Every structure is written in C-alpha cells, then in structure tokens.
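# Reading the structure
Residues per chain, in single letters:
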Amino acid sequence: MRATAPASSANLGPGFDAVALALSVSPDLSSFGRLMNAKAAALGLRDTHFVRPDGLDVPDHYSSAADVTKLARVLMRTRFVRDPVHAETATTGGGSHAT
C-alpha cells in the first residue's frame, strides 16, 4: 500500500511529506533508504548513509559536510531547486519576507 500526503500535511509533524513521497516510490522506508544509498554512491557521496527520508537523527544516518556540499551542487542543476534558492523574496504562512 502506498501512502499519499493529504492536501495540507503541515499539521502532521515534520518529515511527513518526505515519508509520504518515499512510500509513493518504495514499499517501505528501508527500501527507500536503499534507493537513496544507491543514488548517493552513484553521485560519489562516500561519507553518506541514509536510513530515513526525512533526515531525522537516527543511528547510522549520516553525511559529511563535503558530501552535503557535493549534493547541493548537483541539486542546483535542477530548476525546481535552483529557482527558490535564487529568489529575493519568499512567501510563507506568515506573509512575504525579503531575503
């Protein structure tokens, strides 16, 4: 069974969206962790090991600063990530804020 996030999951706690997305492509979180670790290896992230999709601190879930930097550089090639990073203002639930 695959999970889907409700229209508004903000009240369900941190990481719910990550878990819902993980379960939409994998049968369970362990399987998704294996997918993430395979991708990390393909990207050359040698000091990274994923356990959970939400990034919560659990044993054996780690990443070095060098690997985080390498991953950020890869992600910045994706317009979906790059555009918000370069935005000069942002709108949140509390209103619009200049960066």
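Please read these numbers as outputs of a predicted model, since none were measured by experiment.

## Observations regarding the environment of Arg34
Mapped onto the secondary structure, Arg34 falls in helix H2 (residues 29–42). Along the primary structure Arg34 and Phe50 are separated by 16 residues, whereas in three dimensions their C-alpha atoms are 7.8 Å apart.

## Looking at the pattern of salt bridges
Under the counting rule described, the total for this entry stands at two salt bridges. Between Arg79 and Asp83 there is a salt bridge; the shortest N-O distance is 2.9 Å. Residue Arg79 and its partner Asp83 are located together in helix H4 (residues 79–86), separated by four residues, close to a single helical turn. Under the relative-accessibility criterion, Arg79 is labelled exposed at 59%. Judged by relative accessible area, which is 40%, Asp83 ranks as partly exposed.

## Re unusual backbone geometry
With a phi angle near 70 degrees, Asp60 is a residue other than glycine that sits in the positive phi range. Looking at where Asp60 falls in the secondary structure, it is placed in the loop between strand S1 (48–49) and strand S2 (62–63).

## Quick notes on the packing of helix H1 (residues 16–25) against H2
As a packed pair, H1 and H2 sit with axes 9 Å apart at the nearest point and diverge in direction by 85 degrees. On the basis of their axis angle, the class for H1 and H2 is roughly perpendicular. For the pair H1 and H2, the contacting residues are Val19, Ala22, Leu23 and Val25 in the first and Leu29, Phe32 and Leu35 in the second. Its residues assigned to classes, the contact of H1 with H2 shows seven nonpolar, no polar and no charged.

## Quick notes on the nonpolar core
Ranked by size, the top nonpolar core spans six residues in total: Ala22, Phe32, Met36, Ala40, Leu45 and Phe50. Here the element with the most residues in this core is H2; it accounts for three residues. Apart from the residues lying within four places of it in its own chain, the contact partners of Phe50 are Gly33, Met36, Asn37, Ala40 and His61.

Calculation criteria
Residues numbered from 1 in each chain as written. Predicted model: local features only at pLDDT ≥ 70, side-chain atom pairs only at ≥ 80, totals over all residues. Heavy atoms only, no water. Helix = DSSP H or I, 4+ residues; strand = E, 2+ residues; numbered from the N terminus. Salt bridge = Lys/Arg side-chain N within 4 Å of Asp/Glu carboxyl O. Buried < 20%, exposed > 50% of the residue type's maximum accessible area, 1.4 Å probe, protein only. Axes fitted to C-alpha atoms, helices over the stretch in contact; angles between N-to-C directions. Parallel < 35°, antiparallel > 145°, perpendicular 65-115°, else oblique. Contact = heavy atoms within 4.5 Å. Nonpolar A, V, L, I, M, F, W, Y, C, P; charged D, E, K, R; others polar. Core = buried A, V, L, I, M, F, W, Y, C linked by side-chain atoms within 4.5 Å.

Read these as spatial facts, not as claims about activity.
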